[in-house]
Structure formats: structure tokens, C-alpha cells
Amino acid sequence: MKLRKHTIPFILIDFVAAMISWFTFFTYRKVFVEPDKFGYDIPFEANSHLYLGLLVVPLYWVFLYALSGAYIDVWRKSRIKEISRTFSITVMGVVILFFTLLLDDEVKSYEVYYKTILTLFTLHFVVTTFGRILMATLIKSLINAREIGFKTIVVGSNTIALDLVKELQNGKDLQGYLLEGFVNLNDAHELNGILPYLGNYTQLPVLIKKHKIEEVIIALESTKHKEIAEVNNLLEDEPVIIKIVPDLFDVVSGSVKMQNVLGTALIEINHQIMPTWQMVLKRLIDVVVSLLVLIVLSPLYLLLVIAVKVSSPGPAFFKQARIGLHGKSFYIIKYRTMVVNAEANGPALSSKDDKRIISIGRTLRKYRLDEIPQFYNVLVGDMSLVGPRPERQFFIDQIMPVAPHYKHLQRVRPGITSWGMVKYGYAENIEQMIERLKFDILYIENMSLAMDFRIMIYTIKTIMQGRGK
């Protein structure tokens, strides 16, 4: 999902709404709560506590909303969903504020606490919801005026595709689709003269970049499972939303979830692996832990540099191109555990008795110390603490014909450690890579912060026991 140009106004509206609600709540406490406790009027003063609250509390709310994913892809906001989302986040946020800032307030009776928390909830929810609905209505009007929208490609040129395009172009309630053209699968060309023909479906990755496409609608008969799977696999690494035109069976089976009451019925293929708040928190944990490790273990880093240099002539660090998130290449950093030019005869995996490994290298591998420079890769965003291990393109090209589902691993950032690494350690051949693959795919399908913590615990256990290869 993309951060839109209207994201900053959404953040500012939330910030201002939080300021207004907090100022009103502060006034309520001075006018009603404190006089009720002390028995006399308390003069209202704009003191340092108020000014600090008007800065810190709105920042807290913006952080909470960002954690929930409220500022991702703001053009697709639903006003009904905004009310629901705001309600749930406000409940959680007010409870946290109450126990951190308000529980120590002097009150006449415990009933006042209930009134206080209810007042704060009502003020924040009403003011914030009003601002958000206002912005969502503005976005909707811009979409209907075709001033903003989502560049879309239609896959297919049959009767289904023709009916879809007519509905999208003639619908009273525009859904933001800006149809750039269509691609076909050697089928009919019923969209000729209606939409620009962009080429064959195999060109989709190139067309998406060229036309800055944001959505792809697959308009094929649902019986064409193979073709739909091919298109979906082709779009695996592309930053687009994929939707499929359903048939009657899909509707009856409950596969179709309406995104818009007046909109076209489409099945959206959801590639979101974790809830947004967990994804944000996972990245935050990556950054914080990496910074701490790089700072706290800096003496160890220096010591290992010296140990590698003394053990074997050549550089202490080893850089190698690996394939990461969405198939993008990056350079992984490790301590060198092999002789210089160890792959002079071409890429080769290491084995237990590999003679290329230098004397200190076996110890580094045994305790996984050769991997700790990768905390820098995590810090800059190439990797995560936990995720499938990144491979070289040379070996990926050998894995793909045997296990084409390997491409699913590129849906997430690769990691320093993984479920596959915990189970298998370093792979010594293609067969072991494929065997390890099933555990990495299982991780992706069950990805959560709880799973990450479990893998990290097992990794630490492996390191402490010296069971790395």
C-alpha cells in the first residue's frame, strides 16, 4: 500500500482533533471534577501541564493510529469502517491514558472515575470521527470527479471482461478505477476499441512499472484455475492489489466480500500476511533491537574483526548479493569464514567438512557469530530479525523449476534467523534448501509476532548449545 499525498492532512486532522478533545477534557476537569472534590471553584489556568498535554497526548494518538494502519492508503478509506476503527482504537487508547495519566487524580468518589473515562472517550471519539469523515468525504468527492483514482489493468478480453468494464465505466457510484488498458491470454478481443490493448499477460510486471499500475482485475472464467494461478504467481512480487471477477459459485460459497455497497462485486486476493499493527511493531522491534546489538556488542564486533584477520589473510567482512523482499537484490554482510576467492570456480554451498573454511570460521558458524553483522542489514531495512533466509539468484534459478512456490518467500523481508534455520541450519545442497522451504512457507502462512518470539528463543537456544553448522 502507498502513502498518499493526502496522508499528511489525515495526520494533521487527527492531531488537531486530539488537541481539541484534550483541551475540552482539561477544562471539564477544572470546572466540574476538581470543585466537586474540594468544595470550591478552581480557577482555570493554562499552565505547563496543559501545554505539555496538548503536545504529548496528540502525538500519542497519532502513534496509536499509525500503529493500527490508519494512515496507509488513505484514498481507499470507507466512512463506515472509519467509524468502527476509530471506536475500537479510542476505547483502547482511552483505557491506556486513564491508567497512565488519570488514575492518580484526586476525586470525591469512584463514580467520578467512570464519568471521567466516559467523558474523555466521548470527546475524543466524536471530534476525531467528525474530522475523519470530513476527510473521507472529500476523498470520495475527488474520486467521483476523477481527480484522483487507482490506475488499473484488466486481465482478459472476453464477455466477462467486457461486462465488467461497462459496469465500471457506466456506474453511478465511481470506485476510483482508472482503466489504463487490458492484457489477454490469447483469448477473445472483445475489449478492442473500448480499452487500449497493452499486450500479453506475461508482460504484466513490465506494464505495471511503466504505467504505475496500482490494481489488476482478473476477468477470467473461474474454471481457468491454471491461468488464474499463473497470473497471480506472476504478480506475487508486484506492489498491486489483485481482484478477481467472481462467478455464481464464488458468491454462494461466501468468497465475495463487498467493499462498497454500490460497488462492483469482486474478490480481493489478500496478500497481507500480518495485521498492520503487527507489521509496524515488527519493523519497530527490528530497528530497536538492531541498534542495541550494534551498540552493546561493538567490543565483540571489534574482537571478531581481529580474530578473522589473524586467522586468515584478507578482509574481515564478506559481502554477497542476495535476493530479498519483492525479488530485490541487496548485499548481505557476514564475517568471512572461508578463504579469499573461495568460489573462484563458481558458486558452491558449504558442507560440514568444507576445506575452504578457515580455522576461526568453524567456531563462528557453530555459534552463528558470522551472522551478527547482518544486524546492519536489518537496521537499513534489507532484512528482518526473523524471516526466510535470503538466497543467491544462482541457487534460486535451480530451486524454482522444482519448487516454484519458492517465490512466496519473497513476500516478506528475509531474516537473520528463520524456522527453517532452526530446524535445519545451513543447507548443504539444493535438496536441503527445498526441504527447508516447507518450514519457511509454513512460517509465512502463520506469521505473527508470537511466532517470531518463539523462533528467536529457539535460535538463542541453538546458539548457546553451539548447534549451528
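The rules behind these values
Residues numbered from 1 in each chain as written. Predicted model: local features only at pLDDT ≥ 70, side-chain atom pairs only at ≥ 80, totals over all residues. Heavy atoms only, no water. Helix = DSSP H or I, 4+ residues; strand = E, 2+ residues; numbered from the N terminus. Buried < 20%, exposed > 50% of the residue type's maximum accessible area, 1.4 Å probe, protein only. Contact = heavy atoms within 4.5 Å. Areas by Shrake-Rupley, 256 points an atom, 1.4 Å probe, with all protein chains shown as cover. Salt bridge = Lys/Arg side-chain N within 4 Å of Asp/Glu carboxyl O. Polar contact = N/O pair within 3.5 Å; in protein donor to acceptor, adjacent residues only side chain to side chain. Arc of directions from axis to C-beta. Pairing = 2+ DSSP bridges. pLDDT = per-residue confidence, 0-100. Core = buried A, V, L, I, M, F, W, Y, C linked by side-chain atoms within 4.5 Å. Axes fitted to C-alpha atoms, helices over the stretch in contact; angles between N-to-C directions.

What follows concerns the overall build of the chain. Secondary structure summary: the chain contains 16 helices and ten strands in total. For the chain, buried positions account for 47% of its 469 residues. A separation of at least 24 residues holds for 73% of the contacts in the chain among residues at least 6 apart in sequence. Here the chain has roughly 24400 Å² of accessible surface; of this, 64% comes from carbon and sulfur atoms.

Attention shifts here to the pattern of salt bridges. Here the structure, examined in full by the defined rule, presents 14 salt bridges. Two residues, Arg392 and Glu343, come together in a salt bridge whose shortest N-O distance is 2.6 Å. A residue pair is termed long-range when its members are at least 10 positions apart, and Arg392 in the loop between strand 9 (384–386) and helix 13 (393–399) and Glu343 in the loop between strand 8 (329–335) and helix 11 (359–366) qualify at 49 residues. Given a relative accessible area of 13%, Arg392 falls into the buried group. With relative accessibility at 27%, the residue Glu343 sits in the partly exposed group. Salt bridges sharing partners connect three or more residues here, namely Asp14, Glu82, Arg85 and Arg132.

Turning to the side chain of His124, a few remarks are in order. Counting through the fold element by element, His124 comes out in helix 4 (residues 110–144). Among the residues examined, His124 registers a relative accessible area of 1% and is labelled buried. Reaching out from His124, the side chain makes a polar contact with the side chain of Ser21 at a distance of 3.4 Å.

Turning to helix 11, a few remarks are in order. Owing to its 3.6 residues per turn, the α-helix brings residues three or four apart onto one side. Every buried residue belonging to helix 11 is among Gly361, Leu364 and Arg365, and all of these are buried. All buried residues of helix 11 fall inside an arc of 95° around its axis, so they share one side. Structurally, helix 11 contributes buried residues whose contacts are with helix 10 (298–311) and strand 8. Directly beyond the C-terminal end of helix 11, a positive phi value near 60° is found at Arg368.

Here we take up the pairing of strand 5 (residues 241–244). Where burial is concerned, the two faces of strand 5 agree: the one with Ile241 and Lys243 and the one with Ile242 and Ile244 are both buried. Bridge count between strand 4 (residues 215–218) and strand 5: four bridges; the pairing is parallel. Looking across to strand 5, one finds that Ile217 is bridged to Lys243. Taken together, the three bridges between strand 5 and strand 6 (residues 267–269) define a ladder with antiparallel strand orientation. Its bridge partner lying in strand 6, Lys243 is registered against Glu268.

Let's shift gears to the confidence of the model for the chain. When the pLDDT values of the chain are averaged, the result is 83; 87% of them are 70 or greater. Every residue in residues 248–256 is under pLDDT 50, and counting partners more than four places away or in other chains gives ten contacts.

Moving on to unusual backbone geometry. The backbone of Lys212 sits at a positive phi, close to 55°, despite the residue not being glycine. Relative to the assigned elements, Lys212 resides in the loop between helix 6 (204–211) and strand 4. A relative accessible area of 59% places Lys212 in the exposed class.

This paragraph deals with the nonpolar core. If you look at the biggest cluster of nonpolar residues, it comprises 37 residues, and the most contacted ones within it are Tyr335, Phe375 and Tyr443. For this core, the elements supplying multiple residues, two or more each, are helix 10, strand 8, helix 12 (374–380), strand 9, helix 13, helix 15 (430–445) and helix 16 (449–464). Take this core: its biggest share by element is six residues, from helix 15. Once residues lying within four places of it in the same chain are set aside, the contact partners of Tyr335 are Leu300, Tyr301, Leu304, Val305, Val308, Ala316, Phe317, Leu364, Leu369, Asp370, Ile372 and Pro373.

Our focus in this paragraph is the sheet that holds strand 5. The mixed open sheet is built from six strands, whose spatial order is 3-2-1-4-5-6. Looking at which strands have only one partner, the edges of the open sheet turn out to be strand 3 (197–200) and strand 6. The mean angle between the axes of side-by-side strands here comes to 30°, regardless of whether they run parallel or antiparallel. As paired strands, strand 1 (residues 150–155) and strand 2 (residues 177–184) are joined by six bridges and run parallel to one another. Considered in strand 2, the bridge of Thr152 is made with Leu179.

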